[in-house]
Amino acid sequence: MPKSCDGPSDTPPGDPPSGRSDGTGLCCACPFSGTVDTNGPGNYATTSGYTGSSTRRNKCTIAVTRTNTGGTVTVTKTFSLTYTNDARASSDRSGAVSAISSAMSAWTSGASSYKVKTEQPGCDAQELRIQFRSTIVTSGADVAVSVDGTNPANRPSVVTGGTQMRYMVHGTSGAWAMIHEMGHTFGLPDEYTQLTGVPITPPPPTPGAPVVIPPSATPSATYVAAPPQANSTVTLTASRPSTRHPGKYIFDVESVMGRSGNTTFELHHYFWIAIEVKRLMEEEGTPAVVTII
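Engineer: It is not clear to me how the sheet that holds strand S10 (residues 193-196) should be interpreted in this structure. Could you clarify?
Structural biologist: Sheet strands associate in pairs through backbone hydrogen bonding, adopting either a parallel or an antiparallel arrangement. As summarised here, the arrangement of the 3 strands in space is S10-S16-S15, forming an open sheet in which the pairing is antiparallel. Of all the strands in the sheet, the pair left with one neighbour each is S10 and strand S15 (237-241). With direction set aside, neighbouring strand axes in the sheet form an average angle of 40 degrees. Across 4 bridges, the pairing between S10 and strand S16 (residues 248-252) is antiparallel. Bridge pairing in S16 links threonine 193 to phenylalanine 251.

See below:
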């Protein structure tokens, strides 16, 4: 019979009502939370046929509230702001904060089609909603944001290492770039690349015609799932010649982690949450099957 949070129990999963482990694990509806500090490459996803970043640390906190069959997983990231190249807190802080908050809200909206399913021994299965929150702090942030006032800016906002962000006040690509880059702060890879194409010799006479054709290549990204859920592999397809890098061809995917400006959020973009929720439950002494559905 499923255990509740109303008192001690004799067999796992047990109490305490506080939700912390006393050696017997979590009760069925007890909340739990913890911190995340994981390098995404190799742990959340791998790339094949193209070079992905070797470091994209995902730092955040995860708090889980539960009922007997449902609940919520809340992912919170903290951000600190500094200002450079004529950017000022007085004029640019609100725009940066809004861009961060909007990007996190987009990830919440994208997650509305999915749930974190937990199957804890002795309990009914729970399907947990996913939501994302951002908080601005002055120190110890998960992501250090440099607000850059360069004008005119010829590049979009960008994330390096998962924990360093440059927010371009006058940047290109607008809101979509922030949504995409926020995915990198979760440790997720790019689902696009530029590979050397095959030159057309002689170039065709048609104005604006491509000077290269795509190489024979099948680059892919594989997202790691929490067992027994199967990993998911995304194959990048030839998209168009690169305008910024002559001689190269862009391979892309219609998704938020691609390069098309698309905001399609796929099931596998949330696999990492199941990995981390499962880890937190195990740290509470509670083995569980955790999947994204």
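Engineer: Looking at this structure, I do not really get the pairing of strand S13 (residues 220-223). What am I missing?
Structural biologist: Along any regular strand, the residues point their side chains to alternate faces of the sheet. Taking every second residue as pointing to the same face, both faces of S13 are buried, with Ser220 and Thr222 on one and Ala221 and Tyr223 on the other. As paired elements, strand S2 (residues 45-48) and S13 share 4 bridges and run antiparallel to each other. Bridge pairing in S13 places serine 48 opposite serine 220. Here 4 bridges tie S13 to strand S14 (residues 232-235), and the two strands are oriented antiparallel to one another. Across the sheet, residue alanine 221 finds its bridge partner in S14, namely valine 234.

Engineer: Sorry, what's going on with the side chain of serine 220 here?
Structural biologist: Inspection of the secondary structure puts serine 220 in strand S13. Residue serine 220 is classed as buried on the basis of its relative accessible area, which comes to 11%.

Engineer: Would you take a moment to explain the sheet that holds S13 for this structure?
Structural biologist: Spatially, 3 strands are ordered S2-S13-S14 in an open sheet, and the strand pairing comes out antiparallel. Each edge of the open sheet is held by one strand with a lone partner, namely S2 and S14. Averaged over all neighbouring strand pairs, the angle between strand axes comes to 20 degrees, with direction disregarded.

Engineer: What is the right way to read the state of the cysteines from this model?
Structural biologist: This model, assessed by the stated rule, comprises 2 disulfides. Cysteine 27 shares a disulfide with cysteine 30; S-S distance 1.7 Å. Residues cysteine 27 and cysteine 30 are joined by a disulfide whose S-S torsion is about 90 degrees; by sign, that bridge is right-handed. Sulfur-sulfur distance for the disulfide between cysteine 28 and cysteine 123 comes to 2.0 Å.

Engineer: Which parts of the structure should I look at to understand the pattern of salt bridges?
Structural biologist: A side chain with one charge may pair with a side chain of the opposite charge, provided their charged atoms come close. For the coordinates displayed, the defined rule picks out 8 salt bridges. For arginine 240, the salt bridge is made with aspartate 252, and the minimal N-O distance between the two is 3.7 Å. In this pair, arginine 240 sits in strand S15 while aspartate 252 sits in strand S16, placing the two residues 12 residues apart along the sequence. Taking the relative accessible area as the measure of exposure, aspartate 252 reaches 5% and is therefore buried. Overlapping salt bridges bring together Asp148, Arg155 and Arg166 as one network.

Engineer: I'm lost on helix H1 (residues 89-110) in this one. Help?
Structural biologist: Owing to its 3.6 residues per turn, the α-helix aligns residues three or four sequence positions apart on the same side. With 22 residues, H1 ought to run about 32 Å at 1.5 Å a step, and its terminal C-alpha atoms sit 30 Å apart, in line with that. Of all the positions in H1, only Asp92, Ala96, Ala99, Ile100, Ala103, Met104, Ala106, Trp107 and Gly110 are classed as buried. All buried residues of H1 lie within an arc of 150 degrees about the axis, which places them on one face of the element. Away from the buried face of H1 by more than 90 degrees, exposed residues Ser90, Ser94 and Ser109 are located. Along its buried surface, H1 packs onto strand S4 (70-84), strand S6 (126-136), strand S7 (143-148), strand S9 (164-168) and helix H2 (174-185).

Basis of the calculations
Residues numbered from 1 in each chain as written. Predicted model: local features only at pLDDT ≥ 70, side-chain atom pairs only at ≥ 80, totals over all residues. Heavy atoms only, no water. Pairing = 2+ DSSP bridges. Helix = DSSP H or I, 4+ residues; strand = E, 2+ residues; numbered from the N terminus. Axes fitted to C-alpha atoms, helices over the stretch in contact; angles between N-to-C directions. Buried < 20%, exposed > 50% of the residue type's maximum accessible area, 1.4 Å probe, protein only. Disulfide = S-S within 2.5 Å. Salt bridge = Lys/Arg side-chain N within 4 Å of Asp/Glu carboxyl O. Expected span 1.5 Å × (residues − 1). Arc of directions from axis to C-beta. Contact = heavy atoms within 4.5 Å.

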